[in-house]
Amino acid sequence: MLKSHHIEINYKQFEKFGKQAVIDIIKHELCHYHLHLESKGYQHRDKDFKELSKQVGAPRYCTPVQSYAERVNYVYQCKKCGVKFPRIRKVDTRRRVCGQCGGRLKLAEGRK
Ligand SMILES: [Zn+2]
Ligand SMILES: [Zn+2]
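Just so it is clear, the structure is predicted and the values come from calculations on it, not from any experiment.

## Details of the coordination of the zinc ion (ligand 2)
Okay, step 1: At the metal site, the zinc ion (ligand 2) is ligated by Cys78 (SG), Cys81 (SG), Cys98 (SG) and Cys101 (SG), and these contacts range over 2.3 Å.
Okay, step 2: Coordination at the zinc ion (ligand 2) is tetrahedral, judged from the four donor atoms that bind it and the angles of 100 to 116° they form at the metal.
Okay, step 3: Going along the chain, you hit the donors of the zinc ion (ligand 2) in the pattern C-x2-C-x16-C-x2-C.

What follows is the structure, given as structure tokens:
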């Protein structure tokens, strides 16, 4: 992103998060851009970046954080009561049991 000095706005982000989110992304990208041109600390962890982004009211990170639901890769289901447990990471079904009834879990949906 910084190598080309291009500011990338993903259309998906616009569709999904709306105008304000895109303005935030632009502000954020401009912070990188500006500091990079001035040979200042332009990375997220740099003090210059933190200060500038605070000053202009830009978010500290490039993209809005995905919701938990979007990050779910596995859905487990209790064999006994049928309750579903969406999980980001794999669960050891031999060890983990249903939080509701203590029944065994099975993988209902794998990684999409
Ligand atoms: Zn960034
Ligand atoms: Zn259960």
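## Digging into the pattern of salt bridges
Okay, step 1: One pass over the full model with this rule turns up three salt bridges.
Okay, step 2: Here Lys40 makes a salt bridge to Glu38, at a shortest N to O gap of 3.2 Å.
Okay, step 3: Residue Lys40 is classed as partly exposed on the basis of its relative accessible area of 40%.
Okay, step 4: Given the relative accessible area of 42%, Glu38 is considered partly exposed.
Okay, step 5: A salt bridge links Arg94 to Asp92, with the nearest nitrogen and oxygen atoms 3.3 Å apart.
Okay, step 6: Overall, Arg94 belongs to the exposed group, its relative accessible area being 68%.

## So, the sheet that holds strand 3 (residues 105-109)
Okay, step 1: The sheet built from three strands is open, its strands ordered 2-1-3 with antiparallel pairing. Only two strands of the sheet have a single partner each, and these edge strands are strand 2 (84-87) and strand 3. This sheet shows a mean twist of 35° between the axes of neighbouring strands, independent of strand direction.
Okay, step 2: Note that strand 1 (residues 74-78) and strand 3 share four bridges and pair antiparallel. Bridge pairing in strand 3 places Cys78 opposite Leu105.

## Thoughts on the packing of aromatic side chains
Note on aromatic pairs: each is described by the distance of the centres and the angle between the planes.
Okay, step 1: The tally for this structure, following the rule as stated, stands at one aromatic pair.
Okay, step 2: Relative to Tyr76, the ring of Tyr74 lies with its centre 6.4 Å away and its plane at 35°, an arrangement referred to as tilted.
Okay, step 3: Take Tyr74: its relative accessible area is 10%, and that puts it in the buried class.
Okay, step 4: Owing to a relative accessible area of 3%, Tyr76 belongs among the buried residues under this scheme.

## Focus: helix 2 (residues 47-56)
Okay, step 1: Taken together, the buried positions of helix 2 are Phe49, Leu52 and Ser53. Each buried residue of helix 2 lies within a common arc of 95° when the element is viewed along its axis, so the set occupies one face. For helix 2, the exposed residues lying more than 90 degrees away from the buried face are Lys47, Lys54 and Gln55.
Okay, step 2: Phi turns positive, to about 75°, at Gly57, one or two residues after helix 2.

Conventions and cut-offs
- Residues numbered from 1 in each chain as written.
- Chains lettered and ligands numbered in written order.
- Predicted model: local features only at pLDDT ≥ 70, side-chain atom pairs only at ≥ 80, totals over all residues.
- Heavy atoms only, no water.
- Donors = N, O, S within 2.8 Å, 3.2 Å for Na, K, Ca; no water.
- Tetrahedral: all angles 85-135°; square planar, octahedral: opposite > 155°, others 65-115°.
- Salt bridge = Lys/Arg side-chain N within 4 Å of Asp/Glu carboxyl O.
- Buried < 20%, exposed > 50% of the residue type's maximum accessible area, 1.4 Å probe, protein only.
- Pairing = 2+ DSSP bridges.
- Helix = DSSP H or I, 4+ residues; strand = E, 2+ residues; numbered from the N terminus.
- Axes fitted to C-alpha atoms, helices over the stretch in contact; angles between N-to-C directions.
- Phe/Tyr/Trp six-rings, centres within 6.5 Å; stacked < 30°, edge-to-face > 60°.
- Arc of directions from axis to C-beta.

Shape is all these values report; function is a separate question.
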